[in-house]
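Structural description and commentary
The chain contents come next:
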Amino acid sequence: MTSFTIDNGLHNNHTDMSHMIYLDNNATTCEDKSVIESMINHLKCTNSFGNPSSSHFLGIQARYLIDEAREQVRSSINASYSNEIIFTSGGTESNNLAIHGILKPNLNKLQHIITSPFEHPSIVNILKYLQNSNKNIQVSFVQVDSNGIIDLEHFRQLLKPETKLVTIMHSNNEIGSIQPIEEIVNLCREYGSSDLIIHSDASQSMGKVPIDVSCLDVDLLTICSHKFHGPKGIGALYIRQGIKLEPILYGAQHEQGLRPGTENVLAIIGLGRACQLISNKYSLNKRIEQMKRTRDRLYQGLIKQFNQNDENLIIRNGNEQCLPNTLNLTFRGINAKQLVNQLSDRLAFSTGSACHEDNQHQIISSTLQAIGLSYKSARSTIRLSTSYMTTDDEIDQAIILITNAVKQQLSSLDNEHQNI
Ligand SMILES: Cc1ncc(COP(=O)(O)O)c(C=O)c1O
């Protein structure tokens, strides 16, 4: 198997030094060098391995590191108090805790939820579970336009006195569309009931656009560390002070009684450092500029290769105001899965999002379906996502690799037609 190196200065001990280009940053990101260093320092330190709940010196040291990371997370989203941050195992758990934790105390009453048609499975499936197991739970899906943006008028119409929870992702993982969360919140405050709770899954947005909970005015916000160069298996849920949730795991009183289990101190330190790196506006803007510049270079390069001869060979999905790193493209007539496989040892990227195919079912991703793509187009759709680590040179190589692989598919399609 081909190994690959991503040059963050620490992964330098592979025997095979072939370089793989990584354009799958919406799936996950490579840990930042200083995130890794902060975690290594912790592992090497002999006086902070204690259980953070212990009251002796070693426990106090570990507790101090958690408190420090909590403050770093707070600061990165401009929350008012550090106790508004609860550490979880990642985006999935934060989403489950937000939804189930809010609805659980009132399962014997009618509770209406509004969501979008293309949330992550960690939203969709907890809602499905609750709806299937309890007749008091009603879920409505707001319409979206062909760029994947919520229809605000439809949203307003869906609001009713029993609407208890609104959960709308801040940005979409496939096409990168960014939702008008502030406007959604304003509508909720104006037309919704006074106890309506607003949650937003910002897993894909942190580190790519500024996130400020005091401007967004949401009650709950999901943070997922590995999408912005932090470690995997750690995340956080912002819970605005005064919002009441029930835990969804049962155990001791960790994390203010909301998330039992001895804290993953190592990963929490890594998440804290990843948040610190994006807290400074100047550093965040520099990252955004770099990911946007390389993303745009990629798009322009591919357009130049293909659309000069055939204007409609490449169709871009989503609008210009989407996440700065995301490029979702339909290559008409191409099999996206095959394209990913053709390049799997040189270029990392994804199909639009896993399309399931069997003899009876043709299922396309909920995002591509929501923006109106046909099964045929969805099958030809790829997602390329850059990061601040992506270089121009990598982009230029990626353009050549994709161009050659697409041309290979097109010419074998031509041959097939000729042989019919
Ligand atoms: C929008 C969104 N929400 C939640 C998650 C879940 O994150 P994790 O798998 O790390 O729990 C992801 C990860 O792909 C995501 O893209």
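Residues numbered from 1 in each chain as written. Predicted model: local features only at pLDDT ≥ 70, side-chain atom pairs only at ≥ 80, totals over all residues. Heavy atoms only, no water.

Description of the overall build of the chain
A tally of helices and strands in the chain yields 14 helices and 15 strands. A compact globule built from 420 residues should have a C-alpha radius of gyration of about 22 Å, and the chain, at 23 Å, falls within 12% of that. A principal-axis box enclosing the C-alpha atoms of the chain has dimensions of 75 × 55 × 40 Å. Among the 420 residues that make up the chain, the fraction classed as buried is 54%. A total accessible area of about 19,200 Å² is found for the chain, and carbon and sulfur atoms account for 49% of it. (Helix = DSSP H or I, 4+ residues; strand = E, 2+ residues; numbered from the N terminus. Rg over C-alpha atoms; globule rule 2.2 N^0.38 Å. Buried < 20%, exposed > 50% of the residue type's maximum accessible area, 1.4 Å probe, protein only. Areas by Shrake-Rupley, 256 points an atom, 1.4 Å probe, with all protein chains shown as cover.)

Examining the packing of aromatic side chains
Inspection of the entire model under this criterion finds one aromatic pair. Aromatic pair Phe306 and Phe331: ring centres 5.8 Å apart, planes at 90°, arrangement edge-to-face. Taken as a pair, Phe306 in helix H10 (residues 281-306) and Phe331 in strand E10 (residues 326-331) lie far apart in primary sequence, 25 residues in all. Judged by relative accessible area, which is 5%, Phe306 ranks as buried. Phe331 gets classed as buried once you look at its relative accessible area, which sits at 0%. Taking the ring centre of Tyr191 as reference, the NZ or CZ of Arg156 above it sits at 5.1 Å. Directly above the aromatic system of Tyr388 lies the positively charged group of Arg287, at a separation of 4.0 Å from the ring centroid. (Phe/Tyr/Trp six-rings, centres within 6.5 Å; stacked < 30°, edge-to-face > 60°. Lys NZ or Arg CZ within 6 Å of the ring centre and 35° of its normal.)

Considerations on the packing of helix H9 (residues 265-279) against H10
Contact geometry for H9 and H10: axes closest at 5 Å, N-to-C directions at 90°. Of the possible angle classes, the one that applies to H9 and H10 is roughly perpendicular. For the pair H9 and H10, contact is made by Leu277, Ile278 and Ser279 and by Lys281, Ser283, Leu284 and Arg287, respectively. Grouping the constituent residues of the contact of H9 with H10 by class yields three nonpolar, two polar and two charged. (Axes fitted to C-alpha atoms, helices over the stretch in contact; angles between N-to-C directions. Parallel < 35°, antiparallel > 145°, perpendicular 65-115°, else oblique. Contact = heavy atoms within 4.5 Å. Nonpolar A, V, L, I, M, F, W, Y, C, P; charged D, E, K, R; others polar.)

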